[in-house]
Amino acid sequence: MRKSHPMRRVVLATAATVSGVVLLLSLKPASDPAAASAAGAAPQQTAAGQESPQGGQQSGAQSAGAAAGTVTGDATQTQYGTVQVRLTVANGKVTKAEAVQAPKGGLSDQKTALAVPRLNQEAVAAQSAQIDAVSGATYTSTGYKKSLQSALDKVKASSGSSSGSSSGSSGSAQAQARTVTGKAVQTQYGTVQVRITVGNGKISKAEAVQAPKGGLSDQKTALAVPRLNQEAVAAGTANIDAVSGATYTSTGYKQSLQSALDQAGG
Amino acid sequence: MTTTLAGGRAARRQTMRRIRPRRSPAVPLLLAVWAGAVAVLWLWWHNTPSIADDNGKILNAGRITGLLAGYLMALVVLQMARVPALERRVGSDRVARWHAMSGRYTLCLILAHVFLTMWGYALQAGKSLGDIVQQTIDSINQLPDMGKAAIGMALFVLIGLTSVGPVRRRLPYDTWYHVHLLTYAAVFLTFWHQITTGNDFAVEPTAKTFWYVLYGSVTALVLWYRILTPIRLNLRHRMRVEAVIEETPGIVSVLIGGRRLHRMGAEAGQFFRWRFLAPGMRFSSHPYSLSAAPRPDMLRITVKAIGDHSARLRELTPGTRVWAEGPYGALTAQRRSKGKVLLVAGGVGITPMRALFETLPGASGDITLLYRANTTQDLALWDELAAIAKERGARLMYAVNSPEGERPDISAENLQRKIPDIDHHDVFMCGPPGFAQSVYEALRGAGVPARRIHHESFEM
C-alpha cells in the first residue's frame, strides 16, 4: 500500500542496468594481459581452434610460394601433455605460429584455449622464444617455449632454404604421427583449409587451419568447425555431415579434408 | 430471503485455534533471484578474458543483456505457474505485481539484446549502424534457430503492446489474457537460439546443463500446477452451482456445492479462479473470494455486478458445472501476529473479511469489523455479520454516507477515538484502491505499523 512511483522505478531500473553493464564492460581489460583473471576462452579463440589470427599471407603446404614454408619444432612433454609448435616462415620472418599439439582433456582444454592463442600471438610478435608465460598455464607455456625454440633453431639452420614442400612435420614426431594439410578451398565466405594428424593410418586429430572470419562468419565457424573436427576424427573419411546453418563452410571443409586424406593415403 | 450461511461447528472450532504467525518467504525468494542473476553475470565474466575494442563492448553488452533476459524470462513464467508457495504464502497480488514488473524489464532487456547484438555484428562485418536491418535479416537466415527466435521476439513485442496501460484498458480481458498465453510459445521459440548460438553455453557444458535445468523445472512446475493440479481438483470435487441469491441490489452470492470441499484446503480470506461452464462464460475464469468459511458441502462467493462476467453470474442456473482453480491468496489468518485484529471492508470487499470475521482465532472482544458502504442498503451480508458478532462477542461497525450524500470521515483521529488501542491491532483490509489508500494513510497516522497492515491489491 505504500505509494508506488512508477516513473521513479523505471528511471532507477534503467540507470542501474545501464551503469551495471557499462561497469562490467569497463572492468574487462582491452587486450589479454597475462594477469587476466578469467580462465576461459573467448568466442573467437575457440572458433578457429588453436589458431592465431591470419598473419599476412597464410600459405598452406600445397599452395606454398617460394619464400614461405613451415617448420615444426620438437614435441615437448609437459606434466599435462605434449606441446608442439609449428611456424610458418616467410622471408626469414615468422608469420604464423601455432600449436600442433597441446594438452587436452578436462581442465587442460580450458587452459589450452586460454594460453595457446596468446602464445601464438606473442611468438609472432617477438620473433623469438623470449615470450611471456601465460599465468595459470605455466607448464603449457614452458613446453611451448621449448618447442618454439627448437623450431626457430631449425629455421636458422636451414635459413630460408626450406622450400615449403609437402606436409610440415619435419620434427621428431614423424615416427608416430604426421600432419597433413589439405588444399585451401575457397567458399563464398572465405577460405577453408583442414589439417589432419594421421597416425597408424587413422586420423587422430582434425583442425581447420583457415576458416571464414569476420562478422557472422565468426559465429558460424565457432559453431561448425569443432563439430566438423570431431566428425572427421570419428568417421576417418570425408563422408561427414554438414553442419546446418554453415553449409558453405562444411562443404569447403569436406573438400579440404578429402585432399588431405588423399595425400596421407598416397 | 436471508442467506445466513453460518459455518457451524467447523468455523467455531477455527476460532479457537492457536495463533501461529508465519513469515512471508518473499525476502529469501528475492535473495535467491538476485543470487541467480549474479551467477549469470559471473558466467559471462568467466568466459570473457578481454574485450578488444568498442565493437567488442557492444557485442558483450548484447551478451550480458541476452543472458539476463534468458534468466529472467524463466522467472517471469515461474511467477505465473501458480506455485502454492508463491500464491498462498507470498500472495497472489504481490506475485502478480512482480510478474508485471519483471515482465516489462525482461522485454526491455530482450530489445536491448537484439539491438546491441545486431549492431555489433554489423560493425564486425565492416558495416555501420545503418545496416542493422540487413544484418538482422542475414542473421535470421543464416544462424541456427534464429528464425524461431525472431518469431518469438515478435510475439513478445505483441504481448508487451497489449499490456501497456491504455491499450490493456481498452481490450476485453479475455483478449488480453489469450494474447498473454502466447508467452509460452514465445519462450519456447526463443529458448533454442540461446543454446545453439550463445557463446557461454557453447563453451561451458555446465552452463548449458544449468540452463536446461532452469527451463525444465519451470516447465514442470507450469504443467503440474497450472494443468494437472486443477484437473485433479475438479475431478475430485465436482462442483456445481447450487443457488444464486441476490444479497443487495447489484450484489449476488453464488452457492457452490461439491464433494468433500473441506479437503481442498481453502482458508477464509482466500479466493479461487472460477469458470462457470455456461454459454458465454466457458472461456474466461475470474478470481472471486470466498465469502464464508468453506464447508464440507458448500462454498460461497459474493460478487458485485460490475463487469460483463459478474453481471452474468445472476443468470446462472442451479446445476451448472463449475471449474475452479485454487485456493490462492495469502490474506489469511497466518498473516496476523498475536493480538487484536481490525478488519476493514469497503463495499464488496466485505467478502474475504466476512469469512475472516467468522474464523479468525481470537477471544471475545479481540476482533472488530469496520464496514464501509454507500448506504445501509448496500451493506451486503449484514444479518450474517450481526449474527457472527453476537455469537463470538466481536465488534461490528459500519460507516455509510449521510442522507445528504456526505462521505464518512475515516481519519486517524476518528479511528483512534473508536478503537483507542488501534496501534496494537493487526489490520486486514479489502476494498477499492482509492478507499484502501486513504484507510492505509489513516491507519498509519493512528500509529499502526506498516508491517501489520495486510492488504491484497490487484492494481498493477
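Residues numbered from 1 in each chain as written. Chains lettered and ligands numbered in written order. Predicted model: local features only at pLDDT ≥ 70, side-chain atom pairs only at ≥ 80, totals over all residues.

An unreviewed UniProt entry lists chain B under the name Ferric reductase, with Streptomyces cellostaticus given as the organism. Here chain B is described in UniProt, under the heading Subcellular location (unreviewed entry), as follows: "Membrane". (UniProt positions renumbered as here; feature names shortened; annotations may be inferred.)

(A) Representation of the overall build of chain A in the model. Of the regular secondary structure elements, chain A holds 6 helices and 8 strands. Helices (α) and strands (β) of chain A occur, in sequence order from the N terminus, as α-α-β-β-β-β-α-α-β-β-β-β-α-α. Counting over 266 residues, chain A shows a buried share of 47%. (Helix = DSSP H or I, 4+ residues; strand = E, 2+ residues; numbered from the N terminus. Buried ≥ 20, exposed ≤ 12 C-beta atoms within 10 Å, placed from the backbone.)

(B) Summary view of the overall build of chain B. Looking only at helices and strands, chain B features 15 helices and 11 strands. Evaluated residue by residue, chain B yields a buried proportion of 41% over its 460 residues. Sequence-distant contacts, at least 24 apart, represent 75% of the contacts inside chain B between residues at least 6 apart. (Contact = placed C-beta atoms within 7 Å.)

(C) Representation of the nonpolar core within the structure. Residue and element names in this part refer to chain B. In terms of nonpolar packing, the biggest core is built from 67 residues, with Leu 343, Met 353, Phe 357 and Leu 369 touching the most fellow members. The residue makeup of this core includes at least three contributed by each of domain 1 (9–20 + 238–328) and domain 2 (26–232). Contacts of Leu 343, omitting those with residues within four sequence positions, involve Met 353, Leu 356, Phe 357, Thr 368, Leu 369, Leu 370 and Phe 428. With 41 residues, the next largest nonpolar core counts Met 73, Leu 123, Val 187 and Val 218 among its residues. (Core = buried A, V, L, I, M, F, W, Y, C linked by C-beta atoms within 7 Å. Domains from an automatic or database assignment.)

(D) The arrangement of the sheet that holds strand β10 (residues 425–430) of chain B in detail. All names here are of chain B. The sheet built from 5 strands is open, its strands ordered β9-β8-β7-β10-β11 with parallel pairing. With partners counted over all chains shown, the strands left at the sheet margins are β9 (395–400) and β11 (453–455), one partner each. Pairs of neighbouring strands in the sheet enclose a mean axial angle of 15°, with direction left out of account. Where strand β7 (residues 340–346) meets strand β8 (residues 367–373), 6 bridges bridge the pair, whose relative direction is parallel. Within the sheet, the bridge partner assigned to Val 344 lies in β8 and is Leu 370. Across the sheet, helix α12 (residues 350–359) touches β7, β8 and β10, and the angle it forms with β7 is around 155°. (Pairing = 2+ DSSP bridges. Axes fitted to C-alpha atoms, helices over the stretch in contact; angles between N-to-C directions.)

(E) Representation of the packing of helix α4 (residues 84–124) of chain B against helix α6 (residues 146–163) of chain B in the model. All names here are of chain B. One way to put it is that α4 packs onto α6 with a least axis distance of 11 Å and a crossing angle of 140°. Accordingly, the angle class assigned to the pair α4 and α6 is oblique. In terms of crossing hand, the pair formed by α4 and α6 is left-handed. In this structure, α4 contributes Leu 107, Ile 110 and Val 114 to the contact, and α6 contributes Met 153, Phe 156 and Gly 160. Split by residue class, the contact of α4 with α6 holds 5 nonpolar, 1 polar and no charged. (Parallel < 35°, antiparallel > 145°, perpendicular 65-115°, else oblique. Left-handed = near helix turned anticlockwise from the far one by under 90°. Nonpolar A, V, L, I, M, F, W, Y, C, P; charged D, E, K, R; others polar.)

(F) Region of the structure containing the packing of helix α2 (residues 26–47) of chain B against helix α3 (residues 54–79) of chain B. All names here are of chain B. At a minimum axis separation of 10 Å, α2 and α3 run at an interaxial angle of 150°. In terms of their interaxial angle, α2 and α3 are classed as roughly antiparallel. Like other packed secondary-structure pairs, α2 and α3 cross with a definite hand, here right-handed. Across the interface between the two elements, Val 33, Gly 36, Ala 37, Val 40, Leu 41, Leu 43 and Trp 44 of α2 pack against Arg 63, Ile 64, Leu 67, Leu 68, Tyr 71 and Leu 75 of α3. Its residues placed into classes, the contact of α2 with α3 shows 11 nonpolar, 1 polar and 1 charged.

(G) Highlighting the pairing of strand β3 (residues 81–90) of chain A. All names here are of chain A. Among the 10 residues of β3, 8 are classified as buried, and the element is accordingly described as predominantly covered. Here 3 bridges tie strand β2 (residues 76–78) to β3, and the two strands are oriented antiparallel to one another. Bridged to Gln 77 within β3 is Thr 82. Here β3 hands over to strand β4 (residues 93–101) after 2 residues, with Asn 91 in that stretch at a positive phi of 50°.

(H) A look at unusual backbone geometry. Residue and element names in this part refer to chain B. The peptide bond linking Gly 326 to Pro 327 adopts the cis configuration, its omega dihedral lying at -5°. Tracing the sequence through the fold places Pro 327 in strand β6 (residues 321–328). Despite not being glycine, Leu 381 shows a phi value in the positive range, around 65°.

(I) Fine view of the confidence of the model for chain A. Residue and element names in this part refer to chain A. When pLDDT is averaged along chain A, the result is 72; 72% of the residues meet or exceed 70. Taken element by element, chain A is modelled with least confidence in helix α2 (residues 43–47), mean pLDDT 35, and with most confidence in helix α1 (residues 6–27), mean pLDDT 91. For residues 33–67, every residue scores under 50 in pLDDT, and the model assigns this stretch 95 contacts once sequence neighbours within four places are set aside. Below a pLDDT of 50 lies the segment residues 160–175, which in the model reaches 39 contacts outside its immediate sequence neighbourhood of four places, other chains included. (pLDDT = per-residue confidence, 0-100.)

(J) Just the pairing of strand β3 (residues 271–276) of chain B, in detail. All names here are of chain B. Among the 6 residues of β3, 5 are classified as buried, and the element is accordingly described as predominantly covered. Bridge analysis of β3 against strand β4 (residues 286–289) gives 4 bridges, and the strand direction is antiparallel. Each residue of the ladder has a partner; that of Arg 273, found in β4, is Pro 287. Inspection of the sheet shows β3 paired to β6 by 5 bridges, in the antiparallel sense. Residue pairing for β6: Trp 274 is matched across the bridge by Ala 324.

(K) Expanded view of the UniProt feature "transmembrane region" (unreviewed entry) in chain B. All names here are of chain B. In this numbering, the UniProt entry assigns the feature "transmembrane region" (unreviewed entry) to residues 26–45, 65–85, 105–126, 146–164, 176–195 and 210–228. Each end of residues 26–45 is marked by a C-alpha atom, and these two atoms are 29 Å apart; helix forms 100% of the span and strand 0%. A helix fraction of 100% and a strand fraction of 0% characterise residues 176–195, whose end C-alpha atoms lie 30 Å from each other.

(L) Highlighting the sheet that holds strand β1 (residues 239–248) of chain B. Residue and element names in this part refer to chain B. Taking strand neighbours across the sheet as the criterion, the 6 strands line up as β4-β3-β6-β1-β2-β5 in an open arrangement whose pairing is antiparallel. Since the sheet does not close on itself, it has two edges, and those belong to β4 and β5 (298–304), each with one partner. This sheet shows a mean twist of 40° between the axes of neighbouring strands, independent of strand direction.

(M) Spatial organisation of helix α10 (residues 205–237) of chain B. All names here are of chain B. End to end, α10 covers 46 Å across 33 residues, agreeing with the expected 48 Å (1.5 Å per residue, within 8%). Along its length, α10 reaches its greatest deviation from straightness, about 35°, at Leu 228, and the proline Pro 230 lies no more than four positions downstream. Residues Ala 207, Trp 211 and Val 218 constitute the buried set of α10. One or two steps after α10, the chain reaches Arg 238, where phi turns positive at roughly 40°. (Expected span 1.5 Å × (residues − 1). Bend = angle between axes of the 7 residues up to and from the residue.)

(N) Region of the structure containing the environment of B:Val400. Residues and elements named next belong to chain B. Among the secondary structure elements, Val 400 is positioned in strand β9. Its 16 C-beta neighbours within 10 Å are what place Val 400 among the partly exposed residues. Spatially, the C-alpha atom of Val 400 lies 5.2 Å from that of Ala 373, the residues being 27 residues apart in sequence.

(O) Focus on the environment of A:Thr95. All names here are of chain A. Its location among the elements puts Thr 95 in strand β4. For Thr 95, a count of 18 C-beta atoms within 10 Å translates into the label partly exposed. A sequence separation of 30 residues divides Thr 95 from Ala 125, and the C-alpha atoms of the two residues are 9.0 Å apart.

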